[in-house]
Structures are given as structure tokens and as C-alpha cells.
Amino acid sequence: MQREIFITETNIITPLGFDVATNIQNIENKISGIQLHDDKKFSENPFFGAMINDEELDAAFAKISSSSEFTRLEKMMILALHPIVKTVPNQKTAFLLSTTKGNITSLEDKNELPESAYLQNLAKKIADFFNFKTEPIVISNACVSGILAVATAKRLIEANLYDDAYVVAGDEFSEFVFSGFSSFQALSNKPCKPYDSTRNGLNLGEATAAVYITSDENITKKGDVKIIGDGAINDANHISGPSRTGEGLVRSIESAFKESGIQASQIDYISAHGTATIYNDEMEAIAFNRLGMKNVPLNSMKGFYGHTLGASGLLETVIGIESARKNRLFVSLGFDKIGVSESVNIIAENYNSDIKYFLKTASGFGGCNTAVIFEKI
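Residues numbered from 1 in each chain as written. Predicted model: local features only at pLDDT ≥ 70, side-chain atom pairs only at ≥ 80, totals over all residues. Heavy atoms only, no water.

So, about the overall build of the protein. In terms of helices and strands, the protein carries 10 helices and 16 strands. Its C-alpha radius of gyration of 19 Å places the protein within 12% of the 21 Å reference for a compact globule of 377 residues. On the principal axes, the C-alpha backbone points of the protein span a range of 60 × 50 × 40 Å. Split into buried and exposed, the 377 residues of the protein put 59% on the buried side. Sequence separation of at least 24 residues holds for 78% of the intrachain contacts in the protein that already meet a minimum separation of 6. Summed over all atoms, the accessible surface of the protein reaches about 15100 Å², with 47% contributed by carbon and sulfur. Distance from the positive charge centre (35 side chains) to the negative charge centre (46 side chains) of the protein: 4 Å. (Helix = DSSP H or I, 4+ residues; strand = E, 2+ residues; numbered from the N terminus. Rg over C-alpha atoms; globule rule 2.2 N^0.38 Å. Buried < 20%, exposed > 50% of the residue type's maximum accessible area, 1.4 Å probe, protein only. Contact = heavy atoms within 4.5 Å. Areas by Shrake-Rupley, 256 points an atom, 1.4 Å probe, with all protein chains shown as cover. Lys, Arg positive; Asp, Glu negative; His and termini not counted. Charge placed at Lys NZ, Arg CZ, Asp CG, Glu CD.)

What follows is the structure, encoded as C-alpha cells:
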């Protein structure tokens, strides 16, 4: 009999707060972490983005460690994990670290490649802080990394390689990433508006998120979620552009449905990728329509956090879990008028709704797509 897999603990570190409750309160109040910044390090002109305050980050980290050897991203990741690592991990506990660029800022003004830039070294440093006994597993697959790490942990536990797993995902706001998205002309000159008719690009953000995944049903509580299906299919379309037909995303979702044993009509809520770029939002709308889910309530969290790269899938999963726990659908901030060719049911206001099953999707550069279905217990 296949093992059942649950998420029982969550935490997030974002510009909207250093715990889940504070973030949810700000989302309820439609407060966005996206602000206008004037920092010549990133741009000669003012720009919109979601950035964590350095002084607040350092003050929070100082409460759990006096060490000065950690980078900014490492501090964010440790802070995300710290409240949920409640026991000493054993030889059957996996540790997965998910990121797109890791310690990319350590490359700034360097003539040689520093050890901290290697993702395996980043993972080992975080693992050692918490005394993980097993070799860290790094998941770095563009912007699906955060949710793909959840799917990977699920499969490792199902294969009896581990009994439980801690997953942390994170990326920080960096000059490298900012310049890259600028070169694509993908950045918006205003707060982003996913699926809206006036959307013109994304805002970048930074965050870390962490979850505890277990096969032990005895430690679950009402409101936790079971991971019941996943799929990850590459559409092999373009290095940066998604399939115009949504093929990879459609097949990813179909794979998740097949494993879960439920139908599209049973999904109560979709936490979508929703970057607010022209092609991503259009592709998702086409994919959801192809699967008969045009009426399922859908939101993007990018209007609150910007695009947090490898953190986004896990960050938005945590928010999705809170939606299910509270039977509360949160507004897709920035949306006003539908701007995609296929009809989708964008959440325009916060409201109560029974949620038993929800779908989390993500898509990224290189044509990667991931879909995971959760069931509230």
C-alpha cells in the first residue's frame, strides 16, 4: 500500500512578515510587499519590487544565532526553518533545499568563484545548522523549484527512502536577476497585475519558505493537507517562453489528477503561477480551459510578493494551505479586468468558501511545469 504524505508545519519569511500569521493578516488587508525603490545598485531609475528590510532581518536572526558567517539568503532560510525543526533529524529524515540562484550575490565584485556560490555548499551550510544527518538534496529548476521540491520529497517518502522531510525554498533580490529580467523587457514599471488587461510585466521579490512533510498520520491535525498527486512535464518549447497551447502545464496537471484519483470538477481553488507577463498568463488561461477548470476560483500571489523565483512555488503553497485551513479565498491583487483570451475565474475580493482540494501550479524558463494537488484533512 502506498504511503500517505502530509504537510503539517509551515513557515515563511517575506517583506510582509516573518511568520505565516502576519503574512495572512496583511493579505487580508490587501497590503502588498511591492514598493517603489530608488537603489542605483539595481537601476538608474526607481523601480517596483518586494524587498525584505535588512535591519529587521538581522534583528530577527540575532535572536537565534550570534554567528556572522551566514549570508543574507542563508539567514532568511534558517529563519524560515527554525520554528518548524522541533526535533533532532534522524537518518530517515530528508532535507531538500530549493532555489533558482542561491547565493548569487556572493559573485558580486569577485574575480574568483567563491565556495558559497555552489548550491551544494549552501545546502550543506543550512543542513549543518540544524544537524541534519542525511546528504542534502538540491532542487534547482528555474521557477518551479519550490513546488517541485514538494513533489520530490513526496516521491522519496513514497519510495521508503525517507520517513519525513524538511523543505526550504528561497531566493533573494539580486543585481544579476534584476538585470536579466530587464534585458528581457519583462519588468513592469508599476505594481504587477496578473491576468489583467493592462498587465505589462512582473515585479521581482524575495522570500523564503519552509514546510515539514511526513508519512506519520499520528502527528497530523485538522486543517493539515495531504499531498495526493503531482506531475512535472517539460513543454520543450523555448528557453524563456512558455508553450502557446499550455501543453506542458496541461500534461503536468493531468498527471497529478491521474495519481490523485479526483476529477477537475472537484478542485475548489487554483493557486496559479500568474507572473503578469503577457505570455505566462495567457498560457495558463488556455491550459485551465483545456482541462475544464475555467470556473474554478484562481489567484496569483505575485501582486503581494512579486516573483520570488525558486521560493514562489513553496511560498504560494503555504498561502494555499492557509486558504484551505480557513476556508478563505484571497484576492488576486492587481486584477481588475480580464486580459487573457480564455475565460478564467480570477478572485477579485477576499471571501469565504469551502476548500477541500486545491491545485498549485508553476511554470518556468526552459519549459518546465509542475502541478501538485492537495487535500485538506
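Following the structure, the description resumes.
On to the state of the cysteines. Considering all chains together, one arrives at 0 disulfides under this definition. Of all cysteine sulfurs in the structure, the one in C368 sits closest to C143, which takes part in no disulfide; the separation is 7.2 Å. On the basis of relative accessible area, C143 is assigned to the buried category, the value being 8%. By relative accessible area, C368 is classed as buried at 4%. (Disulfide = S-S within 2.5 Å.)

The next thing to look at is unusual backbone geometry. In the Ramachandran plot, D109 falls in the positive-phi region, its phi being about 60 degrees despite a non-glycine side chain. Positive phi, normally seen in glycine, also occurs at A276, with a value near 80 degrees.

Spatial strand order, β2-β3-β7: 3 strands in an open sheet with mixed pairing. Where the open sheet ends on each side, the last strands, each with one partner, are β2 (34-37) and β7 (204-205). Of the pairings in the sheet, the one linking β2 to strand β3 (residues 47-50) comprises 4 bridges and is antiparallel in character. Looking at β3, one finds that I34 is bridged to A50. (Pairing = 2+ DSSP bridges.)

Purely geometric numbers; function is a separate question.
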